[in-house]
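# Per-entry structural report
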Amino acid sequence: MRGAVSPFAGYVCRSCATSIRNPRKPLQIRLASSFADRKSARFSAFFFDNLRWSPVSKIASTSGASPVQSIRGHSVDAVYSPPAEASVRSFREAQVLTPRRLAKIYWQLSKSSLTVLVVLTAMSSVALSPLPTTVPVLLSTALGTAFCSASANAFNQIQEIPYDAQMARTRNRPLVRRAISPLHATGFAVTTGIAGPALLWTMVNPTTALLGAANIVLYAGAYTYLKRKSTVNTWIGSVVGGIPPLMGWTACGGSLLPSSAQSFELVLPSFMSTLSSIPTDLALADNPLAPLALFLLLYSWQFPHFNGLSYLVRESYAQAGYRMLCVLDPHKNATVALRHALLLVPATSILMPLSGLTTWAFALTSLVPHAICVGAAYRFWKHGGEKQARKVFQHSLWYLPVLLGLMMFHKRGMDWGSWLSFGAESTEGEGESETAATAA
């Protein structure tokens, strides 16, 4: 008498029926449903084995495999082995690195949006400084700061290639898609990392060059390392964001710490003091309280900006293994964002006029953007949803340029009325001279 036959034998092919009869031998079939097969594949398969996720019908037609069988609603086929010719055809030929394409890759390695923001914040400090400067110093500061930022971002991407490949928003970076080799990217990072501080040292001053070099070390070293170790990385990243305004301040010759020649000069409102304008003495104009206020603006702004964004992509951070507050403690993530949104109010509306950078009218006009951002951060802290996090992030995008624009508009000693009426006055002067000439 023959042995008992499994009830599944009538639904599968003969080669699979043998596996069913022998429980020690695993069943070598793969369900076409993506939810049915939970075995994790190697990560490289997502890039080099594209046909793995193709429909079963296409695989069967290209490989000439046996017809697909059906087991109670699921399509099954034999053990997967992609055809060599189809796999080769699925790859795209590498593009030749023309100068234009190489420049675009360098632009992406530098994280162009972040680098532009860093340069603008450094230049805003130069514009707000009451100390005089020259055009060569201004251009050298902008170019040297851009080189430092490009180097830090390139080193960051070199170290995070396997982790960027796991996140959808970073999967298209040059090193992940192998547009250039890691050695090539390292050469770019080293070149810009040397050129930036060297340019700042020779054309500006050593203090600005040391700040630029420190920013590279903090971002590419401490921040990148701590992203997978501790949530302290967010605070280190905020320090990195607060250094560029200090670079702009020192580029004009300003000091960061008080000394015997410089002291903290408090510029009180007109109804509390007779001091209504910035002191003409450059030693008094170089108030160490001013760079502190500029640093706090960029330092505290990082938290609502990044915490709101990180909450929206927290699944990607968790998948890559980054230790972020949005992953480990979402409520604390929202609390930190609200805390620094509140800290921005005294750090700018009070400290900026008190240091002499702006007039006290800035304390009033800046309350409107403060109220909007604090309200969004409060709703994010209270409800903790993605809708509230997106609002916090979106408000942070316009908050910083608006606040910098208001600071420039209310810069102490800047007479915008004379600028706007300059053309009218010159026209009146020309008319008076023509009248005098006619009378003569």
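Residues numbered from 1 in each chain as written. Predicted model: local features only at pLDDT ≥ 70, side-chain atom pairs only at ≥ 80, totals over all residues. Heavy atoms only, no water.

## Section: the overall build of the protein chain
Counting secondary structure elements, the protein chain contains 21 helices and three strands. For the protein chain, the residues scored as buried account for 42% of the 440 residues in total. Nonlocal contacts in the protein chain, meaning residues at least 24 apart in sequence, comprise 74% of its contacts between residues at least 6 apart. Carbon and sulfur atoms make up 63% of the accessible area of the protein chain, which totals about 24200 Å². (Helix = DSSP H or I, 4+ residues; strand = E, 2+ residues; numbered from the N terminus. Buried < 20%, exposed > 50% of the residue type's maximum accessible area, 1.4 Å probe, protein only. Contact = heavy atoms within 4.5 Å. Areas by Shrake-Rupley, 256 points an atom, 1.4 Å probe, with all protein chains shown as cover.)

## Some points on a nonpolar patch on the surface
Taken together, the side chains of W107, V116 and L120 present a nonpolar region at the surface, about 320 Å² in accessible area. Within the fold, V116 resides in helix 6 (residues 112-128). (Patch = residues over 30% accessible without salt bridge, like charges linked within 9 Å, V, L, I, M, F, W, Y side chains within 5 Å. Salt bridge = Lys/Arg side-chain N within 4 Å of Asp/Glu carboxyl O.)

## Concerning helix 16 (residues 330-355)
A rise of 1.5 Å per residue sets the reference length of helix 16, with its 26 residues, at 38 Å; its end C-alpha atoms lie 36 Å apart and thus fit the reference within 8%. Residue G356 follows helix 16 closely and has a positive phi angle near 90°. (Expected span 1.5 Å × (residues − 1).)

## Points about the pattern of salt bridges
Evaluation of the coordinates by the stated rule reveals four salt bridges. For R173, the salt bridge is made with D164, and the minimal N-O distance between the two is 3.1 Å. The same class applies to R173 as to D164, namely buried. Taking the shortest distance from any N to any O, the salt bridge between R314 and E315 comes out at 3.9 Å. Here the residues in one salt-bridge network are R314, E315 and E386, joined through shared partners.

## Some points on the packing of aromatic side chains
Across all of its chains, the model carries ten aromatic pairs by this definition. With a centroid separation of 5.1 Å and 20° between ring planes, the pair formed by Y219 and Y223 is classed as stacked. Here Y223 and Y219 lie together in helix 10 (residues 206-226), a separation of four residues that amounts to about one turn. Through successive ring pairs, a cluster of aromatic residues spans Y163, F306, Y317 and Y322. The ring of Y322 has K227 sitting right over it, with the charged end atom 4.6 Å from the ring centre. Sitting above the plane of the Y311 ring, R314 keeps its charged end 4.1 Å from the centroid. (Phe/Tyr/Trp six-rings, centres within 6.5 Å; stacked < 30°, edge-to-face > 60°. Lys NZ or Arg CZ within 6 Å of the ring centre and 35° of its normal.)

## Side note on the side chain of S366
Tracing the backbone through its elements, the reader meets S366 in the loop between helix 17 (361-365) and helix 18 (367-383). In terms of polar contacts, S366 uses its side chain to reach the side chain of S349, at 2.7 Å. With residues near it in sequence (within four places) discarded, S366 still touches S349, L403 and L406. (Polar contact = N/O pair within 3.5 Å; in protein donor to acceptor, adjacent residues only side chain to side chain.)

## Describing the packing of helix 16 against helix 18
Contact pair helix 16 / helix 18: the axes reach a minimum separation of 8 Å and the direction vectors enclose 165°. When the axes of helix 16 and helix 18 are compared, the pair comes out roughly antiparallel. Classified by chirality, the crossing of helix 18 by helix 16 is left-handed. Of the residues in helix 18, those in contact with H331, N333, A334, T335, A337, L338, A341, L342, L344, V345, T348 and S349 of helix 16 are L367, H370, V374, A377, Y378, F380 and W381. Its residues assigned to classes, the contact of helix 16 with helix 18 shows 13 nonpolar, six polar and no charged. (Axes fitted to C-alpha atoms, helices over the stretch in contact; angles between N-to-C directions. Parallel < 35°, antiparallel > 145°, perpendicular 65-115°, else oblique. Left-handed = near helix turned anticlockwise from the far one by under 90°. Nonpolar A, V, L, I, M, F, W, Y, C, P; charged D, E, K, R; others polar.)

## Some thoughts on the side chain of K411
With respect to the secondary-structure elements, K411 resides in the loop between helix 19 (386-409) and helix 20 (416-420). Here the side chain of K411 touches A127 through a polar contact of 2.7 Å, landing on its backbone oxygen. Excluding its chain neighbours within four sequence positions, the residues that come into contact with K411 are A127, L128, S129, L357 and T358.

## Some words on unusual backbone geometry
Within the chain, K111 stands out as a residue other than glycine whose phi angle is a positive 50°. Structurally, K111 can be placed in the loop between helix 5 (99-109) and helix 6.

## Topic: the confidence of the model for the protein chain
On average, residues of the protein chain score 78 in pLDDT, and 68% of them are at 70 or above. Overall, residues 25-80 carries pLDDT values under 50, and its contacts beyond four positions in sequence, including any with other chains, amount to 68 contacts. (pLDDT = per-residue confidence, 0-100.)

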